[in-house]
Amino acid sequence: MTLDQFARECRDILKQDPGPAGRSRICKRLEGLLRDQAFVSSLLKDSTAERQVVYEDPDLGFCILAHNYNGPKDSPPHDHGPSWAIYGQAKGETEMTDYDRVAEPAEGKPGKARPTRTYKLTPGVAHVYNEKDLHAPRRRGPTQLIRIEGLNMDRIKRARFEPVA
Ligand SMILES: [Fe+2]
């Protein structure tokens, strides 16, 4: 399987079903590919950036990304605005926490998010985050991921959320 083949497959699936069911099919497919060392090493090298768009679909707008973090890396609770995302763990471990939306961001103030559960993404595991699904990844050591975004987040401003107990 090459990146082009995988991109074509994602495209076909999303054309049939752009909603959560289509994403879930892509997620399953990605889990298989995360165990394919040749595929993983074609996208992820030591020289890969923290965020590298390796494919962007000219019509549907979805992107395939490679992420290479050389050390610990945490992000605050966030969603992807109008987009969804699939996180696929290739190497190392991501400790992911899901959150409930307690308050929406408004008037320049961050929203509020309450943690509901924490779980690990280990190599070969992928997870779908649909629109509005708040989550925060914590990476305590070096990690590599293959992620898919419904829309390229480079062009979307992220809303801020503060965790509350
Ligand atoms: Fe995210």
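What counts and what doesn't
Residues numbered from 1 in each chain as written. Predicted model: local features only at pLDDT ≥ 70, side-chain atom pairs only at ≥ 80, totals over all residues. Heavy atoms only, no water. Helix = DSSP H or I, 4+ residues; strand = E, 2+ residues; numbered from the N terminus. Rg over C-alpha atoms; globule rule 2.2 N^0.38 Å. Contact = heavy atoms within 4.5 Å. Areas by Shrake-Rupley, 256 points an atom, 1.4 Å probe, with all protein chains shown as cover. Lys, Arg positive; Asp, Glu negative; His and termini not counted. Charge placed at Lys NZ, Arg CZ, Asp CG, Glu CD. Donors = N, O, S within 2.8 Å, 3.2 Å for Na, K, Ca; no water. Tetrahedral: all angles 85-135°; square planar, octahedral: opposite > 155°, others 65-115°. Buried < 20%, exposed > 50% of the residue type's maximum accessible area, 1.4 Å probe, protein only. Axes fitted to C-alpha atoms, helices over the stretch in contact; angles between N-to-C directions. Parallel < 35°, antiparallel > 145°, perpendicular 65-115°, else oblique. Left-handed = near helix turned anticlockwise from the far one by under 90°. Nonpolar A, V, L, I, M, F, W, Y, C, P; charged D, E, K, R; others polar. Salt bridge = Lys/Arg side-chain N within 4 Å of Asp/Glu carboxyl O. Pairing = 2+ DSSP bridges.

Side note on the overall build of the protein chain
Here's step 1: On a plain count of helices and strands, the protein chain comes out with 3 helices and 10 strands.
Here's step 2: When the helices and strands of the protein chain are listed from N to C terminus, the series reads α-α-α-β-β-β-β-β-β-β-β-β-β.
Here's step 3: Computed over its C-alpha atoms, the radius of gyration of the protein chain comes to 15 Å, within 12% of the 15 Å expected for a compact globule of 165 residues.
Here's step 4: Referenced to the eigenvectors of the C-alpha coordinate spread, the extents of the protein chain come out at roughly 45 × 35 × 25 Å.
Here's step 5: Within the protein chain, contacts between residues separated by at least 24 positions form 75% of all contacts whose residues are at least 6 apart in sequence.
Here's step 6: Carbon and sulfur atoms provide 49% of the accessible area of the protein chain, an area that totals close to 8400 Å².
Here's step 7: Between the centroid of the 27 positive side chains of the protein chain and the centroid of its 24 negative side chains there is a distance of 2 Å.

A look at the coordination of the iron ion
Here's step 1: Note on the iron ion: its protein donors are His78 (NE2), His80 (NE2), Tyr87 (OH) and His135 (NE2). The metal-donor distances range over 1.9 to 2.2 Å.
Here's step 2: The site at the iron ion holds 4 donor atoms, and with the angles between them running 94 to 128°, its shape is tetrahedral.
Here's step 3: The sequence pattern formed by the donor residues of the iron ion is H-x1-H-x6-Y-x47-H. One end of the pair, tyrosine 87, is in strand S4 (residues 85–91); the other, histidine 135, is in strand S8 (residues 134–139), with 48 residues separating them in the sequence. An identical accessibility class is assigned to tyrosine 87 and histidine 135; each is buried.

Observations regarding the packing of helix H1 (residues 3–16) against helix H2 (residues 20–34)
Here's step 1: The N-to-C vectors of H1 and H2 enclose an angle of 160°; their axes lie 9 Å apart at closest approach. Classified by the angle their axes make, H1 and H2 are roughly antiparallel. Crossing of H1 over H2 shows right-handed handedness. Each of Phe6, Glu9, Cys10, Ile13, Leu14 and Gln16 in H1 lies in contact with H2, whose residues at this interface are Gly22, Arg25, Ile26, Arg29, Leu30 and Leu33.
Here's step 2: Tallied by class, the residues present in the contact of H1 with H2 amount to 7 nonpolar, 2 polar and 3 charged.

What to know about the pattern of salt bridges
Here's step 1: What the rule picks out here adds up to 16 salt bridges.
Here's step 2: A salt bridge links glutamate 104 to arginine 101; the shortest N-O distance between them is 2.8 Å.
Here's step 3: By relative accessible area, glutamate 104 is classed as partly exposed at 42%.
Here's step 4: Looking at arginine 101, the relative accessible area reads 26%, which means it is partly exposed.
Here's step 5: The closest approach of N and O atoms between lysine 112 and glutamate 162, which form a salt bridge, is 3.7 Å. Here lysine 112, found in strand S6 (residues 111–121), pairs with glutamate 162, found in strand S10 (residues 161–163); they are 50 residues apart in sequence, far enough to count as distant.
Here's step 6: One network of salt bridges, with partners in common, ties together Arg51, Arg147, Glu149 and Asp154.

Let's talk about the sheet that holds S8
Here's step 1: The sheet built from 5 strands is open, its strands ordered S3-S8-S5-S6-S10 with mixed pairing. Two strands lie at the open edges of the sheet, namely strand S3 (73–74) and S10, each paired on one side alone.
Here's step 2: Taken together, the 9 bridges between strand S5 (residues 94–103) and S6 define a ladder with antiparallel strand orientation. Residue pairing across strands places aspartate 98 opposite arginine 117, the latter belonging to S6.

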